[in-house]
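If you want the building blocks of each chain, they are given just below.
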Amino acid sequence: MKFAKFVTAACFAAVPFMTPVALADGFSKTEDAVNYRQSSFKLLSHHVGALTPVVRGQAPFDAAQVKEDVALIKTLSGLPWKAFGEGRQGGKARDGVWSDNAKFKQLAANLQGEVDKLVVAADTGDLANVRTAFGAVGASCKACHDSFRNR
Ligand code: ASC
């Protein structure tokens, strides 16, 4: 084997040993997973919070702005879940996230189902529709917090 080829082969052979131990979720440390999910929840809560005064009639209903917030809620509500993998305990997450994982996943899926309905409601441009769908989204946030989030 030529020297250059040998060096190349040796380098590739070393790759598995150089890669930081990463679980299948793509985070190299649990702290990164906790930061990822907390960051996405924070942004999610910002855009949910932006709609709260609108559905309460305390801020004007701007259908285009609502659609923009709802589109972000749709994207953001899909993000945190991959950061709750095996061994990623931390933050305000209760142990139940892992010990009762089927229920946690069901509640996460419920949220995403209600958000899909909110997208449809926002597309109608009708505040009453948005109000109803938004209420269900909020209820699904709360249902999961009540079971799985420490105060
Ligand atoms: C929010 C927010 C939550 C939910 C929840 C709904 O705006 O930050 O966690 O709504 O309070 O019950």
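Up top is the structure these notes are about.
None of the values given here were measured: they were computed from a predicted structure.

Concerning the site of the ligand
So, point 1. Neighbouring residues of the ligand: Ser45, Val48, Gly138, Cys141, Lys142 and His145.
So, point 2. The side chain of Ser45 places a nitrogen or oxygen atom 3.4 Å from an oxygen atom of the ligand.
So, point 3. Gly138 is positioned such that a nitrogen or oxygen atom in its backbone is 3.3 Å from an oxygen atom of the ligand.
So, point 4. Contact with the protein chains covers 58% of the free accessible surface of the ligand, which is 310 Å².

What to know about the pattern of salt bridges
So, point 1. Under the criterion given, the structure shown has 6 salt bridges.
So, point 2. Notably, a salt bridge pairs Lys67 with Asp123, separated by 3.2 Å at the nearest N-O pair. One end of the pair, Lys67, is in helix α3 (residues 63–76); the other, Asp123, is in helix α5 (residues 101–124), with 56 residues separating them in the sequence.
So, point 3. A salt bridge links Asp116 to Lys74; the shortest N-O distance between them is 2.6 Å. Here Asp116 is found in helix α5, whereas its partner Lys74 is found in helix α3, with 42 residues between them in sequence.
So, point 4. Owing to a relative accessible area of 40%, Lys74 belongs among the partly exposed residues under this scheme.

Quick look at the packing of aromatic side chains
So, point 1. The final tally for this structure, using the stated rule, is 8 aromatic pairs.
So, point 2. Centre to centre, the rings of Phe41 and Trp81 are 5.6 Å apart; their planes meet at 75°, and the pair counts as edge-to-face. With Phe41 in helix α2 (residues 30–55) and Trp81 in the loop between α3 and α4 (96–99), this residue pair connects regions lying 40 residues apart in the sequence.
So, point 3. Using a relative accessible area of 27% as the deciding quantity, one classes Phe41 as partly exposed.
So, point 4. Ring plane angle 25° and centroid distance 6.0 Å describe the contact between Trp81 and Phe84, whose orientation is recorded as stacked.

Calculation criteria
Residues numbered from 1 in each chain as written. Predicted model: local features only at pLDDT ≥ 70, side-chain atom pairs only at ≥ 80, totals over all residues. Heavy atoms only, no water. Near = heavy atom within 4 Å. Polar contact = N/O pair within 3.5 Å; in protein donor to acceptor, adjacent residues only side chain to side chain. Areas by Shrake-Rupley, 256 points an atom, 1.4 Å probe, with all protein chains shown as cover. Salt bridge = Lys/Arg side-chain N within 4 Å of Asp/Glu carboxyl O. Helix = DSSP H or I, 4+ residues; strand = E, 2+ residues; numbered from the N terminus. Buried < 20%, exposed > 50% of the residue type's maximum accessible area, 1.4 Å probe, protein only. Phe/Tyr/Trp six-rings, centres within 6.5 Å; stacked < 30°, edge-to-face > 60°.

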